[in-house]
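# Coordinates in review
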Amino acid sequence: MKNFLIVIFLICFTVVNVSAQVTEQKTNQYLKIKSTSYPDFPPFSYLQQEGVIEYPVSIFFVAFEDALSTNNVHTEYNFLSSYNDNVEQTRIGKTDILLGVYNETQNGFKNFDHIEYIFPAVLHNPVNLIMLNGKQTKIKNIDDLKNLRGIYVSSEYFSDYLYDRFKYLNAKPVNSALKAYEQLFLDKADYIIGSYYYHYVSALQNGLKNYLSFSKKPLWNMPMFIGISKKSKYFNRLKILLSKKVAEPSFADKIKEELKKQVHKFEQQTTGVVPPSFVSDSAPEEQTLDKDN
């Protein structure tokens, strides 16, 4: 009887061990997925045009691809021309991963109900005040902005919390960064609220960097996450993999390093750009907007 029990134990142990090996093989088997991000939000993510060739660029790619490679996963990028369409492709499971999404965001887009966020955030996007040099106003608290004419760029990406703040401050939307800068120069607005990096790059592209001042401190920081389609065939495997990798400090560090590289690239590419006609001939020295918060 004792020998019989030993035989049964060995058989069970062998079956469990084989099962574990099969599970491990499935976990590490080669996998090809589809990923997407913002097609028009430099320096974070955008479609780069070179002649007839268009390809995606993103500060998320290096950290993301490094994380995937450790688990034998490869991604191809599926960028449509609008972020809303990229979100929808992720919601319905045609795309597996959405790189760069704000938590609890519905405003202006179809809902995110079928996208799961991986915590913690991989980046915090600072939102600053932007004013003309020489026209800075001392701001002691957020409520001071209610007495000023504020605007924001409607094509920029914000969390729902920020849209609520814009309503509270009576900030009005304009359809492009260039239009927003023009409103400042024509004295139709006192300030812009927007992502520091987005507007820094936009100012470079329009030859306006030395005409604008950014608040020393951000008003808010919007956390950016990686999202996984709940309808992805590989949801469980990707969630386990990315939850582990995103929690490692090196993941966010790689993204920050790529952000610096992208900003530097735009600085190099925009040297000598002539400002638009609504700007006066003389450029005042670049200043930093005072804000006590």
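I will try to describe carefully the structure that is included in this document. Everything numeric here is computed off the predicted structure, so don't read it as measured data.

An α-helical turn contains 3.6 residues, so any two residues separated by three or four positions project in the same direction. Within helix H3 (residues 83-91), seven of the nine residues are buried, leaving the element largely enclosed by the surrounding structure. If you check which residues of H3 are buried, you get Tyr 83, Asn 86, Val 87, Glu 88, Gln 89, Thr 90 and Arg 91. Each element contacted by the buried residues of H3 is listed here: strand E1 (31-37), strand E6 (97-102), strand E7 (115-132) and strand E12 (220-229). Gly 93 lies just past H3 and shows a positive phi near 90°.

Buried residues dominate E6, accounting for six of its six residues. Of the pairings in the sheet, the one linking E1 to E6 comprises three bridges and is parallel in character. Bridged to Ser 37 within E6 is Leu 99. The pairing of E6 with E12 spans five bridges and is classified as antiparallel.

Along helix H5 (residues 177-185), the positions that sit buried rather than exposed are Ala 177, Ala 180, Tyr 181, Gln 183, Leu 184 and Phe 185. Where the residues of H5 are buried, they touch E7, strand E8 (150-153), strand E9 (172-174), strand E10 (191-195), helix H6 (196-205) and strand E11 (212-214). Asp 187 sits one or two residues past H5 and shows a positive phi near 60°.

A few words on the pairing of E8. Residues Gly 150 and Tyr 152 line one face of E8 and the alternating positions Ile 151 and Val 153 line the opposite face, and both faces are buried. Judged from the three bridges that link them, E8 and E9 form a sheet pairing that is parallel. Paired with Ile 151 across the two strands is Lys 172, which belongs to E9.

To continue, consider the sheet that holds strand E3 (residues 45-50). On the basis of which strands lie adjacent, the open sheet formed by three strands has the order E2-E3-E4 and antiparallel pairing. For this open sheet the edge positions go to strand E2 (40-41) and strand E4 (53-58), each flanked by a neighbour on one side alone. As defined by bridge partners, E3 adjoins E4 across six bridges and the pair is classed as antiparallel. When the sheet's bridge partners are listed, Leu 47 is paired in E4 with Pro 56. Set on the sheet, helix H8 (residues 249-269) makes contact with E3 and E4; between it and E3 the angle comes to about 40°.

Scanning the entire structure with this criterion turns up eight salt bridges. A salt bridge links Arg 149 to Asp 187; its shortest N-O distance comes to 3.0 Å. Pair noted here: Arg 149 is in the loop between E7 and E8 and Asp 187 is in the loop between H5 and E10, with a separation of 38 residues, a long-range link. Measuring nitrogen to oxygen at the nearest pair gives 3.6 Å for the salt bridge that ties Glu 182 to Lys 179. Linking Glu 182 with Lys 179, this pair stays in helix H5, spanning three residues, or about one helical turn. Because the salt bridges share partners, they merge into one network encompassing Arg 149, Asp 187 and Asp 190.

The grouping of Val 52, Ile 53 and Tyr 55 at the surface amounts to a nonpolar patch, some 330 Å² of accessible area in total. Its location among the elements puts Ile 53 in strand E4.

Turning our eyes to something else, we now look at the packing of helix H2 (residues 61-69) against H8. Any two packed helices are characterised by the angle at which their axes cross and by the distance between the axes. Running from N to C, H2 and H8 cross one another at 145°; their axes reach a closest spacing of 7 Å. Of the residues in H8, those in contact with Val 62, Ala 63, Phe 64, Asp 66 and Ala 67 of H2 are Phe 251, Lys 254, Ile 255 and Glu 258. Within the contact of H2 with H8, the residues separate by chemical class into six nonpolar, no polar and three charged.

What follows is about the nonpolar core. If you look at the biggest cluster of nonpolar residues, it comprises 86 residues, and the most contacted ones within it are Ile 97, Ile 193, Leu 208 and Leu 212. At eleven residues, E7 tops the list of elements feeding residues into this core. Setting aside residues up to four positions removed in sequence, Ile 193 forms contacts with Val 127, Asn 128, Leu 129, Ile 151, Tyr 152, Phe 158, Phe 166, Leu 169, Leu 219 and Trp 220.

Reading guide: rules and limits
- Residues numbered from 1 in each chain as written.
- Predicted model: local features only at pLDDT ≥ 70, side-chain atom pairs only at ≥ 80, totals over all residues.
- Heavy atoms only, no water.
- Buried < 20%, exposed > 50% of the residue type's maximum accessible area, 1.4 Å probe, protein only.
- Helix = DSSP H or I, 4+ residues; strand = E, 2+ residues; numbered from the N terminus.
- Contact = heavy atoms within 4.5 Å.
- Pairing = 2+ DSSP bridges.
- Axes fitted to C-alpha atoms, helices over the stretch in contact; angles between N-to-C directions.
- Salt bridge = Lys/Arg side-chain N within 4 Å of Asp/Glu carboxyl O.
- Patch = residues over 30% accessible without salt bridge, like charges linked within 9 Å, V, L, I, M, F, W, Y side chains within 5 Å.
- Areas by Shrake-Rupley, 256 points an atom, 1.4 Å probe, with all protein chains shown as cover.
- Nonpolar A, V, L, I, M, F, W, Y, C, P; charged D, E, K, R; others polar.
- Core = buried A, V, L, I, M, F, W, Y, C linked by side-chain atoms within 4.5 Å.

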